[in-house]
Amino acid sequence: MASSVGQVVNIKAKVNRAFNSSMEVGIQVSYEDLCSGKHCSICKAYATFVAQGPPGTKVKLKPLAPQTEEEKIEHSIAAERRRMRLVHKDTLKDLLTRSPRDTELETRDGSVVVPAEKTRVESVELVLPPHANHQGNTFGGQIMAWMENVATIAASRLCHAHPTLRAIEMFHFRGPSQVGDRLVLKAIVNNAFKNSMEVGVCAEAYDQEMSVSRRHINSAFMTFVVLDEEGRPRTLPMVVPQPGDGERRYREASARKKIRLDRKYVVSCKQNEVPLSVPWDQSNKVYLSYNNVSALKTLVAKANWALAREKEKVRIYTLEEDKFLSFRIEMSVRIAAGQAFSLLSDLRRRHEWDRHYASAELVQQVDEDDAIYHVLSQTLSHENKPQDFVILASRRKPCDKGDPYVVAFRSVTLPTHPACPSFTRGETLCSGFCVWPEAEETSKLLRHLRGLREVPAEKQGRPDRAPQGPLGCPGGLADGRTDGWTDRQGAGKEEGAPGRWDGALRPCLPLAFGPREVGGMRTDTGTRRPRADTSHTWPFIFFIFLSNFVSCCTGLDFLVRLMLLESL
């Protein structure tokens, strides 16, 4: 969305995080219509700045201390965005390696074919004092404006219309230019898809007219669309690339489009819009990992956690947001943070201390920090079948002092591991651990679980689609059974019958510890439901049970405490 003449443009910028010598700055652009009072967001961007001292040296930056909830979230996720930027080239290279080498032109009925060379544009700009800052370096925004101009002309030569800029990807400042430099700006349409086109732009600088050598200072890829009178994207002509370098740019543009669409699907969605299980492949692996870790970090940074119970240095928090219900269990453990991190992140060993796990097979070691597991659970579903999960486990070591060790889990879909008739496929939306070092041999451990408070309409009657089992919430808080959560009006339903989840959730307590009287209800192998409708008091029942059990864990070692944690 763009602003118009007469509207007020508001630009907000804030440093999200400072690393050793670089910092991330978040930029939010919006406009205000003074006549109607309407406010609307235009775009959001993240810029990376490097602090430089004398020539050839870098300045070490002081750490930034976030204060508000929003600042804490941005500060935490900035490390994930930095990691994503650093591996972008490798992701693109890997995708190109796996794709066919031969360039195949897209075919569209009745579409005009335009040689890519006919869209090439070249322009020269002289850097004058108004174009530079107090250090004599050209403003980055000025270079971006010049680059957009030549890119727009190149796009116009393809579509013979007025194109609209939709996105700028991978804008790199490779080096500075100064007052008096000549900038050569080059643009060409790399590839044209059905409703969008990618234009590649680069900027080169030289200081004298007779100079032979040019410095490559900037490059970017810009996505354009052409809108009709009703604001809908028009169908574009096809592009025929030149042999050699043109074919390379053509293939890379297709790969970038796939990455861009996957990023939009996984990252750009709000947390409550992300599907429970997302198909995994090479093009979206970086963004799935980013979403996995950032979702957990966002949950951790929430400020409105409510302390519900505390006993024997174990704290239980709850958080209710829209259709989500989340739990946080906090405790100190007598083990080094690094060792706890290593134990928690290897799901193949989890069955040794977690009663829910039967086994966990390593399906694919994505990279050093991410792995996909096929998990078999001991618990039975409403169909009286064991549950299985396909889980992406993402682990992160601290980026800076004060950061936690992070182990995040979410469900993914693999074509090699489809749902099997002998198992009920379970899914987890967001769960994981954060471990902070407290002393040499002690750590603070936080366990987070998030689940849906309400089953969407399209998933009602399909309890196998609910986030359940040992990794998810709410099933992971009880015994992994979807019938352990009912609604206030569903107390009389047949056991295991599908129903809505709402704020009056009621967990079935773990049955592995034998009969126990808890808050007016009795649980044993033959009793699955409270004697009376106590759904309005379920949080207190749950925490009374927890407190009774935690009271006997003093002096137990780390694994036993983790077994307690997982059994809840």
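Here, the structure is the one placed above.
Throughout, a residue's number is its position along its own chain's written sequence, starting from 1. Reporting of local features is limited, given that this is a predicted model, to residues whose pLDDT is at least 70; pairs of side-chain atoms are given and counted only at 80 or more, and all residues count toward the totals for whole chains, interfaces and linings. Side-chain descriptors were evaluated using all non-hydrogen atoms of the structure, hydrogens and water having been removed beforehand.

Caption draft 1: Broad picture of the nonpolar core. Buried Ala, Val, Leu, Ile, Met, Phe, Trp, Tyr and Cys residues that are joined via side-chain atoms within 4.5 Å together make up what is termed a nonpolar core. Buried means the residue's accessible area, taken with a 1.4 Å probe over protein chains only, is under 20% of the maximum for its type, while exposed means over 50%, and partly exposed covers the values in between. Grouped together as the largest cluster of nonpolar side chains are 33 residues, with contacts concentrated most on Met147, Leu158, Leu183, Met197, Val199, Val201 and Phe224. At the level of elements, α3 (140-159), β7 (182-192), β8 (197-206) and β9 (215-225) are the ones that each hand at least two residues to this core. The element best represented in this core is α3, accounting for nine residues. It only takes one pair of heavy atoms within 4.5 Å for two residues to be counted as in contact. For Met147, the residues in contact, after removing those within four places along its chain, are Phe171, Leu185, Val201, Cys202, Ala203, Asn218, Ser219, Ala220 and Met222. Starting at the N terminus, helices and strands are each numbered in turn, a helix being any DSSP run of H or I of at least four residues and a strand any DSSP run of E of at least two.

Caption draft 2: Looking closely at the sheet that holds strand β3 (residues 39-50). We call two strands paired when DSSP finds no fewer than two bridges between them. Here we have three strands laid out as an open sheet, ordered β1-β2-β3, and antiparallel in their pairing. Across the chains shown, the open sheet's two edge strands, defined by having one partner strand only, are β1 (8-18) and β3. On average, each strand axis in the sheet is inclined to that of its neighbour by 20°, with strand direction left out of account. As defined by bridge partners, β1 adjoins strand β2 (residues 22-32) across ten bridges and the pair is classed as antiparallel. Within β2, the residue paired with Ala13 across the bridge is Ile27. With respect to the sheet, helix α1 (residues 69-86) is in contact with β1, β2 and β3, its orientation differing from that of β1 by roughly 75°. In this description, a line fitted to the C-alpha atoms serves as the axis of each element, helices being fitted only across the stretch in contact, and the angle between N-to-C directions of two axes falls anywhere from 0 to 180 degrees.

Caption draft 3: A look at the pattern of salt bridges. A pairing counts as a salt bridge when a side-chain nitrogen of Lys or Arg comes within 4 Å of a carboxyl oxygen of Asp or Glu. The final tally for this structure, using the stated rule, is 31 salt bridges. The salt bridge involving Arg120 is made with Glu117; its shortest N-O contact spans 2.9 Å. Given the relative accessible area of 35%, Arg120 is considered partly exposed. Taking the shortest distance from any N to any O, the salt bridge between Glu321 and Arg450 comes out at 2.9 Å.

Caption draft 4: Broad picture of the sheet that holds β8. The strand order β5-β7-β8-β9-β6 describes an open sheet built from five strands, whose pairing is antiparallel. What marks the edges here is a single partner per strand, and that holds for β5 (121-126) and β6 (164-173). Neighbouring strand axes in the sheet, compared pairwise and without regard to direction, differ in orientation by 20° on average. Here β6 pairs with β9 via seven bridges, running antiparallel. The residue bridging Ala167 from the neighbouring strand is Thr223, located in β9. Against the sheet, α3 contacts β5, β6, β7, β8 and β9, and its axis sits at roughly 40° relative to β7.

Caption draft 5: Quick look at the packing of aromatic side chains. Put simply, two rings from Phe, Tyr or Trp (the six-membered ring, in Trp's case) pair if the centres are within 6.5 Å, and we call them stacked under 30 degrees between planes, edge-to-face over 60, tilted for the rest. Evaluated as defined, the whole model comprises two aromatic pairs. Taking 4.9 Å as the distance between ring centres and 50° as the angle between the ring planes, the aromatic pair formed by Phe171 and Phe173 counts as tilted. Cation placement over rings: the criterion is NZ of Lys or CZ of Arg within 6 Å of the ring centroid and within 35° of the ring normal. The positively charged end of Arg81 is found above the aromatic ring belonging to Tyr46, 3.8 Å away from the centroid. When the ring centre of Tyr317 is taken as reference, the NZ or CZ atom of Arg328 above it lies at 5.6 Å.

Caption draft 6: Focus on unusual backbone geometry. Phi angles above zero are rare outside glycine, and His160 is one such case at about 55°. The backbone phi angle of Asn384 is positive, close to 60°, even though this residue is not glycine. On the secondary structure map, Asn384 appears in the loop between β16 (370-380) and β17 (386-396).

Caption draft 7: Quick look at the layout of surface pockets. The way it works is a 1 Å grid over only the protein atoms, where trapped points that fit a 1.4 Å probe form a cavity and open points with protein on both sides within 12 Å along at least five of seven lines form a pocket, and then any residue with an atom within 4 Å of a point lines it. Grid points are joined across faces, edges and corners, and a volume is the space filled by probe spheres set on the points. Its boundaries defined by the atoms lining it, the second largest pocket holds a volume of some 780 Å³. Mapped onto the lining of the second largest pocket, the elements with two or more residues apiece are α1, α5 (285-300), β14 (324-333), β20 (430-437) and β21 (443-452). Sort the elements by how many residues they give to the lining of the second largest pocket and α1 lands first, with nine residues.

Caption draft 8: Examining α1 more closely. The end-to-end C-alpha distance of α1, which contains 18 residues, comes to 27 Å, matching closely the 26 Å that a straight helix rising 1.5 Å per residue would cover. What is called the bend at a residue is the angle between a pair of axes, fitted to the seven residues leading up to and ending at it and to the seven starting from it. Residue Ile77 marks the point of greatest curvature in α1, where the axis turns by about 30°. Among all positions in α1, only Ile73, Glu74, His75, Ser76, Ile77, Ala78, Ala79, Glu80, Arg81, Arg83 and Met84 are buried. To estimate the expected span of a helix, subtract one from its residue number and multiply by 1.5 Å.

Caption draft 9: Highlighting the pairing of strand β15 (residues 357-365). Sheet topology note: the β15/β16 ladder contains seven bridges and is antiparallel. Its bridge partner lying in β16, Leu362 is registered against Tyr373.

Caption draft 10: Here's a closer look at the packing of α1 against α5. Relative to each other, α1 and α5 sit at 165°, their axes nearing to 9 Å. Looking at the two axes, α1 sits roughly antiparallel to α5. Note on packing geometry: the crossing formed by α1 with α5 is right-handed. On α5, the residues that touch Ile73, Ser76, Ile77, Ala79, Glu80, Arg81, Arg83 and Met84 of α1 are Val286, Tyr287, Ser289, Tyr290, Val293, Ser294, Lys297 and Thr298. In the scheme used here, Gly and all other residues not listed as nonpolar or charged are polar, with Ala, Val, Leu, Ile, Met, Phe, Trp, Tyr, Cys and Pro taken as nonpolar and Asp, Glu, Lys and Arg as charged. Each residue belonging to the contact of α1 with α5 can be placed in one class, and the counts come to eight nonpolar, four polar and four charged. Any angle between 65 and 115 degrees counts as roughly perpendicular, while under 35 counts as roughly parallel, over 145 as roughly antiparallel, and the rest as oblique. For a crossing to be left-handed, the near helix must be turned anticlockwise from the far one by less than a right angle; the clockwise case is right-handed.

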